[in-house]
Every structure is written in C-alpha cells, then in structure tokens.
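Secondary and tertiary structure notes
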Amino acid sequence: MRTIAAGLFISLDGVVQDPADWHFPYFDDAMGAAVEAQMADTLILGRVTYDSFAGAWPEREAEGGEDAGFAKALGDARKIIVSRQPLEFTWRNCELLQGDLVEAVTALKREEGGRIAISGSVSVVRQLLEAGLLDELHLLVHPIAVRKGERLFDEGSPIPLELVSSETFPTGVLNLVYRPAARNES
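Please read these numbers as outputs of a predicted model, since none were measured by experiment. (Residues numbered from 1 in each chain as written. Predicted model: local features only at pLDDT ≥ 70, side-chain atom pairs only at ≥ 80, totals over all residues. Heavy atoms only, no water.)

Quick look at unusual backbone geometry
Its identity is not glycine, yet Asp18 carries a phi of approximately 50°, on the positive side. Within the element layout of this structure, Asp18 appears in the loop between strand E1 (4-11) and helix H1 (29-37). Judged by relative accessible area, Asp18 falls into the partly exposed class, the value being 44%. A positive phi angle, close to 65°, is found at Asn93, a residue other than glycine. Summarising the element assignment, Asn93 is placed in the loop between strand E3 (78-82) and strand E4 (94-96). (Helix = DSSP H or I, 4+ residues; strand = E, 2+ residues; numbered from the N terminus. Buried < 20%, exposed > 50% of the residue type's maximum accessible area, 1.4 Å probe, protein only.)

Notes on helix H6 (residues 122-130)
Listed as buried for H6 are Val122, Val124, Val125, Arg126, Leu128 and Leu129. One or two positions beyond H6, positive phi appears at Gly132, with a value near 75°.

A few points about the nonpolar core
Counting residues in hydrophobic clusters, the biggest one holds 27 residues, and the most contacted among them are Ile44, Val105, Ile118, Val125, Leu134, Leu137 and Leu152. Of all the secondary-structure elements, those providing two or more residues to this core are E1, E3, helix H5 (101-110), strand E5 (116-119), H6 and strand E6 (136-142). For this core, the element with the highest residue contribution is H6, accounting for five residues. Sequence-distant contacts of Val125, defined by excluding residues within four places in its chain, comprise Ala6, Leu8, Ile118, Gly120, Leu134, Leu137 and Leu152. Membership of the second largest hydrophobic core comes to 15 residues, among which are Ala40, Leu45, Phe70 and Ala77. (Core = buried A, V, L, I, M, F, W, Y, C linked by side-chain atoms within 4.5 Å. Contact = heavy atoms within 4.5 Å.)

Description of the pairing of E5
Sheet topology note: the E1/E5 ladder contains four bridges and is parallel. When the bridges of E5 are listed, Ala6 appears paired with Ile118. Bridge count between strand E2 (residues 42-46) and E5: three bridges; the pairing is parallel. Opposite Leu43, over in E5, you have Ala117 as the bridge partner. (Pairing = 2+ DSSP bridges.)

Here's the deal with the pattern of salt bridges
For the structure shown, the criterion picks out 14 salt bridges. Across the pair Arg126 and Asp154 runs a salt bridge whose closest N-O atoms are separated by 3.8 Å. Within this pair, whereas Arg126 is found in helix H6, its partner Asp154 is found in the loop between E6 and strand E7 (161-168), the two being separated by 28 residues in sequence. Overlapping salt bridges bring together Arg2, Asp41, Arg78, Glu95 and Glu111 as one network. (Salt bridge = Lys/Arg side-chain N within 4 Å of Asp/Glu carboxyl O.)

Structural notes on the packing of aromatic side chains
What describes a pair of aromatic rings is the distance from one ring centre to the other and the angle between the planes of the rings. For the structure on display, the rule yields three aromatic pairs. Seen from their ring centres, Trp57 and Phe70 are 5.3 Å apart, and the 75° between their planes marks the pair as edge-to-face. Of this pair, Trp57 sits in helix H3 (residues 57-63) while Phe70 sits in helix H4 (residues 68-76), placing them 13 residues apart in sequence. Its relative accessible area of 13% is what places Trp57 among the buried residues. The exposure class of Phe70 is buried, given its relative accessible area of 16%. In this structure an aromatic cluster arises from ring pairing among Tyr50, Phe89 and Trp91. Across from the ring centre of Trp91, 4.5 Å away, lies the NZ or CZ of Lys79, which sits over that ring. (Phe/Tyr/Trp six-rings, centres within 6.5 Å; stacked < 30°, edge-to-face > 60°. Lys NZ or Arg CZ within 6 Å of the ring centre and 35° of its normal.)

Right, dumping it as structure tokens:
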C-alpha cells in the first residue's frame, strides 16, 4: 500500500496560511534539501496550492535557473487537484480528484506506485489526518509567531501523533516528522 506524507511550513504559533509572507528569511540549503526529500511521483494539492504552484513552477522550469530541476520534477509528477469546482489546468500531468476526498484517497493508496506527497493544502491535510489516511506529517517549524491566519489544527477531536525525527537547521527552523500514534479510545 502506498504511503502519504504531507509537508507544511508552519510558524511557532501554528499558522500555515500565506507562508510566502514570513518563511523566506529562514530558507536555506538545509531546508531546500528537506523539501526536495519530500518529493514524490504523485502529489495531492488543494486548489489554492495548485494555483500558487502552477503560477510559479512552470515558469521557473522554463527559465532554467538553480531550481529548474526541482521545478521539472514537480511538473513531471502526477498532480491530483482537490477542488469542488471544475478547473482548466495549465500545467502538465494534472487531474481533478473525482468524488469524495476520503474515498478517492483510499483508492489512490491501493494503486501501484511510490509515495504520495501533499504540499501545503491544509484543509486536505486536516481531512486526511482525521480519516487516518496520512502516514507522515512533515512540519518545518519557523521561529516566528505570525499571530494571525489559518492554523494547522482547528476545533475537533484530539489527533495523537508520534515524533519520528527532528532536526534543527542553522536558521532555527525545526524539521519535525510525525506519524499517527495509536488513539486511546476510552
């Protein structure tokens, strides 16, 4: 069965919204390597993340700069976009997720293939965590309190997680990897 790993930029106070507004001062080669290590042959993206990626990465690939290789890998990956509205895709290898998210992702995990990655797309991450379909949660915790914006965890039942690995980058960013822990049903 395929595994799903989600990766998010997050502030100390749990904000995941608009990381472009606060994350770049902390980006370095170590973080770049951690982000590249999360790459997979299949990506699940929410519509907002897709819009952001499709608006930047194809151009970066065409320009041939230092991140062109990563841009090409993103372009070559199968991209499954989660949206409640029909979309016209401008980027190669994109398809709209059909039907219910949990049912579709359950079927996707049963397909042949490698690891599945999710970048950003917090609403998708929340739903898959709640459904028990997320195998790993990669958090790049930035040493900043953003103090406004959407947070990773909202109201709801507790979701126990187990720390798998941790690393501190020279910029003070923590690279934390979690997996679901057994739920204590009492």
